[in-house]
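Now for the letters of each chain:
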Amino acid sequence: MQGQFIWYELMTTDTDAAVKFYGDVVGWEGRDAGMPGMDYKLVGPPGVPMGAAGVMPLTEDVKARGVPSNWTGYIHADDVDAMAETFKAEGGAIHREPEDIPGIGRFAVVADPQGAVICLFAPDTPDEPMPEGPAPGSPGSFGWNELHTKDAASAFEFYARHFGWRKDMAVDMGPDYGVYQTFAQDGRAIGGMMNKRPEMPVSCWSFYIAVPSIRAGAAKVAENGGQVLMEPHQVPGGSWICAALDPQGAAFSLMSQSE
């Protein structure tokens, strides 16, 4: 499983409002995760016990650093401690040292050499299959993982070397952005990388949620207090996408095979 995105998490200023917003926009249901002493909710399509993601409050120490509500992804690492040290040794950083979540697994929060933050995770039972989430590409699933970074070619080399990602389709985006390089894990395309726009202050990962119709999804974002940052449009390969902010300011994107 090394190198697979296996979980997504929203840290937000208002968990109840966020659960309602994503329920209205992408059809997720929310429930308490049952973690003692912690406000942690699972959200996902109806009938998927594991859900698609977790929602938790933005902590006070994170707020104090000026970090807004945000989505992050978890990449499976066979050895979280060793991988975290590798990120640090190659010019990245460890933002949260490796620690255990009792009965679930071990995780760390790191930044890659160009500053993009991501989480590393290893389940407690690596030889057992993870509980099933929504089927890939189905409504309410996370369908794409995208890195906006200072030097996409260098970033790909870093992640490919440590997680086994392989190049897939490449699209020339012009002199401002360079090549949009998609990447695959175990033969399935799971994301892309591109040079970030000059106005973006930092390198970052962004994540796409699948919906049945991109225009209907974008309309629901606006109707429920979010903001559409990039209107729906079609991209090479045939998918339709749009970028948005939720009402608490967390960036996310929608994707669909249908307009």
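Each remark here, short or long, concerns the structure printed above.
Residue numbers run consecutively from 1 along every chain, following the written order of its sequence. Residues qualify for local features only when their pLDDT is at least 70, as the model is predicted, and side-chain atom pairs are given and counted only at 80 or more; totals for whole chains, interfaces and linings, by contrast, use all residues. Side-chain calculation: all heavy atoms of the structure are included, whereas hydrogens and water are not.

Caption draft 1: Seen up close, the overall build of the protein. Strands here mean DSSP runs of E at least two residues long; helices mean DSSP runs of H or I at least four residues long; both are numbered from the N terminus. Secondary structure summary: the protein contains five helices and 16 strands in total. Note that the radius of gyration is over C-alpha atoms, with the globule rule given as 2.2 Å times the number of residues to the power 0.38. Computed over the C-alpha atoms, the radius of gyration of the protein is 17 Å, within 12% of the 18 Å expected from 2.2 N^0.38 for a compact globule of 259 residues. Here the protein holds 259 residues, and 48% of them are scored as buried. Long-range contacts, defined as pairs at least 24 residues apart, comprise 58% of the intrachain contacts of the protein with a sequence gap of at least 6. For every accessible area listed, the method is Shrake-Rupley and the probe measures 1.4 Å; residues are considered covered only by the protein chains on display. For the protein, the computed accessible surface area is about 12200 Å², with 54% contributed by carbon and sulfur atoms. Counted as positive: Lys and Arg. Counted as negative: Asp and Glu, with His and the chain ends omitted from the count. For charged residues, the charge sits on one atom: NZ in Lys, CZ in Arg, CG in Asp, CD in Glu. If you average the places of the 17 positive and of the 34 negative side-chain charges in the protein, the two averages end up 4 Å apart. Accessible area is worked out with a 1.4 Å probe on protein chains only. A residue is then buried under 20% of its type maximum, exposed over 50%, and partly exposed in between. We call two residues contacting when some pair of their heavy atoms lies within 4.5 Å.

Caption draft 2: Geometry of the pairing of strand β10 (residues 166-172). Two strands pair when backbone bridges link them, and β10 and strand β11 (residues 179-185) are joined in this way by five bridges, in the antiparallel orientation. Across the sheet, Arg 166 pairs through a bridge with Ala 184, a residue of β11. At least two DSSP bridges between two strands are required for those strands to pair. Linking β10 to β11, which pair antiparallel, is a turn of six residues; within it Gly 174 sits at a positive phi near 95 degrees.

Caption draft 3: Seen up close, the sheet that holds β11. Taken in spatial order, the eight strands of this open sheet run β10-β11-β12-β9-β13-β16-β15-β14, and their pairing is mixed. Two strands lie at the open edges of the sheet, namely β10 and β14 (227-234), each paired on one side alone. Averaged over all adjacent pairs, the angle separating strand axes in this sheet is 25 degrees, with direction ignored. As defined by bridge partners, strand β13 (residues 204-210) adjoins strand β16 (residues 251-256) across three bridges and the pair is classed as parallel. To get an axis, a line is fitted to the C-alpha atoms, and for a helix only the part in contact is used. The angle between two axes follows their N-to-C directions and goes from 0 to 180 degrees.

Caption draft 4: Region of interest: helix α3 (residues 80-89). Burial in α3 covers these residues: Val 80, Met 83, Ala 84 and Phe 87. Axial view of α3: buried residues confined to an arc of 100 degrees, hence all on one face. In this structure Asp 79 caps α3, since a side-chain oxygen of it lies 3.2 Å from the backbone nitrogen of Asp 81. Directly after α3, the chain includes Gly 91, whose backbone phi takes a positive value near 105 degrees. In this description, the arc belongs to the directions extending from the helix axis to the C-beta atoms. Residues adjacent in sequence count toward polar contacts only when both atoms are side-chain atoms; beyond that, a polar contact is any pair of N or O atoms within 3.5 Å, and within protein one must be able to donate a hydrogen and the other to accept it.

Caption draft 5: Representation of the sheet that holds strand β6 (residues 93-101) within the structure. A sheet is described by the order of its strands in space; here eight strands give the open sequence β2-β3-β4-β1-β5-β8-β7-β6, paired in mixed fashion. The sheet terminates laterally at β2 (29-32) and β6, the two strands that pair on one side only. With strand direction ignored, the average angle separating the axes of adjacent strands in the sheet is 25 degrees. For strand β7 (residues 105-111) and strand β8 (residues 117-123), the ladder comprises seven bridges, and the chain directions are antiparallel. Bridged to Gly 105 within β8 is Pro 123. Sitting on the sheet, helix α1 (residues 15-26) touches β1 (5-12), β2, β3 (41-44), β4 (53-57) and β5 (70-76), and the angle it makes with β4 is about 150 degrees.

Caption draft 6: Representation of the packing of α3 against helix α4 (residues 152-163). Orientation of α3 relative to α4, taken along the N-to-C sense of each, is 155 degrees, at an axis distance of 12 Å. One finds that α3 runs roughly antiparallel with respect to α4. By crossing handedness, the relation of α3 to α4 is classed as right-handed. Only Phe 158, Tyr 159, His 162 and Phe 163 of α4 make contact with α3, whose side of the interface consists of Met 83, Thr 86 and Phe 87. Looking at the contact of α3 with α4 residue by residue, the classes come out as five nonpolar, two polar and no charged. Roughly parallel refers to an angle under 35 degrees, roughly antiparallel to one over 145, roughly perpendicular to one between 65 and 115, and oblique to any angle outside these ranges. In this scheme the crossing of two helices becomes right-handed for a clockwise turn of the near helix relative to the far one and left-handed for an anticlockwise turn of less than a right angle. When residues are grouped by polarity, Ala, Val, Leu, Ile, Met, Phe, Trp, Tyr, Cys and Pro land in nonpolar, Asp, Glu, Lys and Arg in charged, and all others, Gly among them, in polar.

Caption draft 7: Main features of the pattern of salt bridges. Here a salt bridge means any side-chain nitrogen of Lys or Arg lying within 4 Å of a carboxyl oxygen belonging to Asp or Glu. Enumeration over the complete set of coordinates arrives at 12 salt bridges. Across the salt bridge formed by Arg 106 and Asp 100, the nearest N and O atoms sit 3.0 Å from each other. A cluster of three or more residues bridged by salt bridges with shared partners is formed by Asp 16, Asp 39 and Lys 41.

Caption draft 8: Highlighting helix α5 (residues 214-223). Those residues of α5 that fall on the buried side of the exposure criterion are Ile 214, Gly 217, Ala 218 and Val 221. Take α5 and look down its axis: the buried residues cluster within an arc of 100 degrees, on one side only. Buried-residue contacts for α5 involve α1, β14, β15 (240-245) and β16. Gly 225 sits one or two positions beyond α5 and adopts a positive phi of about 90 degrees.

Such coordinate-based values are descriptive only and should not be taken to indicate function.
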